[in-house]
Amino acid sequence: MDLAANLNAIQMRIEAACARAKRDPAAVTLLPVSKSQPPQAVRELANLGLNLFGENKVQEARAKIPLCPGHLRWHMVGHLQTNKCRDAVGIFEMIQSVDSLGLAQEINRRAGQAAKTMPILLEANIAGEAGKFGYNPDALLEELEQINPLKRLEIQGLMVIAPWTRDPEKARPIFRQLRDLKKNCEQIVGAPLPHLSMGMSGDFEVAIEEGATIVRIGTALFGPRPQSKQTEAAPENA
Ligand SMILES: *Cc1c(COP(=O)(O)O)cnc(C)c1O
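Our subject in this report is the structure included herewith. (Residues numbered from 1 in each chain as written. Predicted model: local features only at pLDDT ≥ 70, side-chain atom pairs only at ≥ 80, totals over all residues. Heavy atoms only, no water.)

Moving on: the overall build of the protein chain. Helix and strand counts for the protein chain stand at 9 helices and 8 strands. For the protein chain, whose C-alpha radius of gyration is 17 Å, the value lies close to the compact-globule estimate of 18 Å for 238 residues. Evaluated residue by residue, the protein chain yields a buried proportion of 49% over its 238 residues. Sequence-distant contacts in the protein chain: of pairs separated by 6 or more residues, those separated by 24 or more amount to 61%. When the accessible surface of the protein chain is split by element, carbon and sulfur atoms take 50% of a total near 11100 Å². Where the 28 positive side-chain charges of the protein chain centre and where its 27 negative ones centre are 3 Å apart. (Helix = DSSP H or I, 4+ residues; strand = E, 2+ residues; numbered from the N terminus. Rg over C-alpha atoms; globule rule 2.2 N^0.38 Å. Buried < 20%, exposed > 50% of the residue type's maximum accessible area, 1.4 Å probe, protein only. Contact = heavy atoms within 4.5 Å. Areas by Shrake-Rupley, 256 points an atom, 1.4 Å probe, with all protein chains shown as cover. Lys, Arg positive; Asp, Glu negative; His and termini not counted. Charge placed at Lys NZ, Arg CZ, Asp CG, Glu CD.)

All right, on to the site of the ligand then. Every residue lining the ligand is accounted for by Val33, Lys35, Val77, Ile161, Met200, Ser201, Arg216, Ile217, Gly218, Thr219 and Arg225. Coverage of the ligand by the protein chains reaches 91% of its 390 Å² of free accessible surface. Here the shell around the ligand is composed, by residue class, of 5 nonpolar, 3 polar and 3 charged. (Near = heavy atom within 4 Å. Nonpolar A, V, L, I, M, F, W, Y, C, P; charged D, E, K, R; others polar.)

Moving on, we come to the pairing of strand E8 (residues 214–217). Of the two faces of E8, both are covered, the one formed by Ile214 and Arg216 as well as the one formed by Val215 and Ile217. Across 4 bridges, the pairing between strand E1 (residues 29–32) and E8 is parallel. The residue of E8 that forms the bridge with Leu30 is Val215. (Pairing = 2+ DSSP bridges.)

Inspection of every chain in the model, using the stated rule, returns 16 salt bridges. Of the charged contacts, one joins Lys64 and Glu55 as a salt bridge, the two residues approaching to 2.8 Å between their closest N and O atoms. For the residue pair Lys64 and Glu55, the accessibility class agrees, reading buried in each case. For Lys132, the salt bridge identified is with Glu129, shortest N-O distance 3.3 Å. What emerges from the salt-bridge pattern is a single network uniting Arg20, Glu169, Arg172, Arg176, Arg179, Glu209 and Glu210. (Salt bridge = Lys/Arg side-chain N within 4 Å of Asp/Glu carboxyl O.)

So, on to helix H6 (residues 137–147). For H6, the full list of buried residues reads Leu140, Leu141, Leu144 and Ile147. Here the buried residues of H6 occupy an arc of 120 degrees about the axis, which is enough to place them on one side. For H6, the exposed residues set more than 90 degrees away from the buried face come down to Asp138, Glu142 and Glu145. Buried residues along H6 sit in contact with helix H5 (101–113), strand E5 (118–124), strand E6 (153–160) and helix H7 (172–189). For H6, the N-terminal capping position is held by Asn136, with its side-chain oxygen 2.9 Å away from the main-chain nitrogen of Asp138. (Arc of directions from axis to C-beta. Polar contact = N/O pair within 3.5 Å; in protein donor to acceptor, adjacent residues only side chain to side chain.)

Residue position: Glu106 is located in helix H5. For Glu106, a relative accessible area of 14% translates into the label buried. Setting aside anything within four residues of it in sequence, one finds Glu106 in contact with Thr82 and Cys85.

This part covers the nonpolar core. Residues Ile107 and Ile147 are the most contacted members of the largest nonpolar core, which totals 66 residues. In terms of nonpolar packing, the next biggest core, distinct from the first, is built from 5 residues, Leu31, Val33, Val77 and Ile214 among them. (Core = buried A, V, L, I, M, F, W, Y, C linked by side-chain atoms within 4.5 Å.)

See the structure below:
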């Protein structure tokens, strides 16, 4: 796998999407999602100048991160169980996948114990896909009222995983709805929220056109994931 060539191609596609949308490419962060990929691949991309990576399981991240350069920063993008919050708060710079009040409260508690403030995104399940994590939009707005006052959390925006499709245009309405939902959240929070984490390998250009500030890219950068031991959205074992 030629990671340098893949990275270059993705960066060019990001820039082209930004040009179409008249956006500054500096306002779009590429988050390489290194789940199921070996530390060697992360090290190679770190050598190419990337310093932010995403993982979807605390256990895997805890094993992999010590084998990667120490200056890297990490985001949690997968479903988080409350019994993993202490580790997650220690490992990650941001938790993008907050999908319940109970989880928010536990992250808040663990961040307090660690004497830090935890940046978070709230994950929305816009399409209402069964078996997928994330808030129904109405429930998100309702619980935001209770998450907002939690002192150790810094709510920075929203995250969505659009339903998989061969045609990225099908994801556009999902991304638009996430952008609208962020406006509603800003009303509740009373401040602008900087981030929309949306767009993956199959749909990141459309996401950028619709305002993504973080695109989470796995296979288009790393190539196919090595035979993964886990199912994509399955909760990790305790
Ligand atoms: C795996 C994963 C990605 C990257 O998916 P690709 O389609 O391989 O780009 C992005 N976001 C989340 C939450 C993921 O779990």
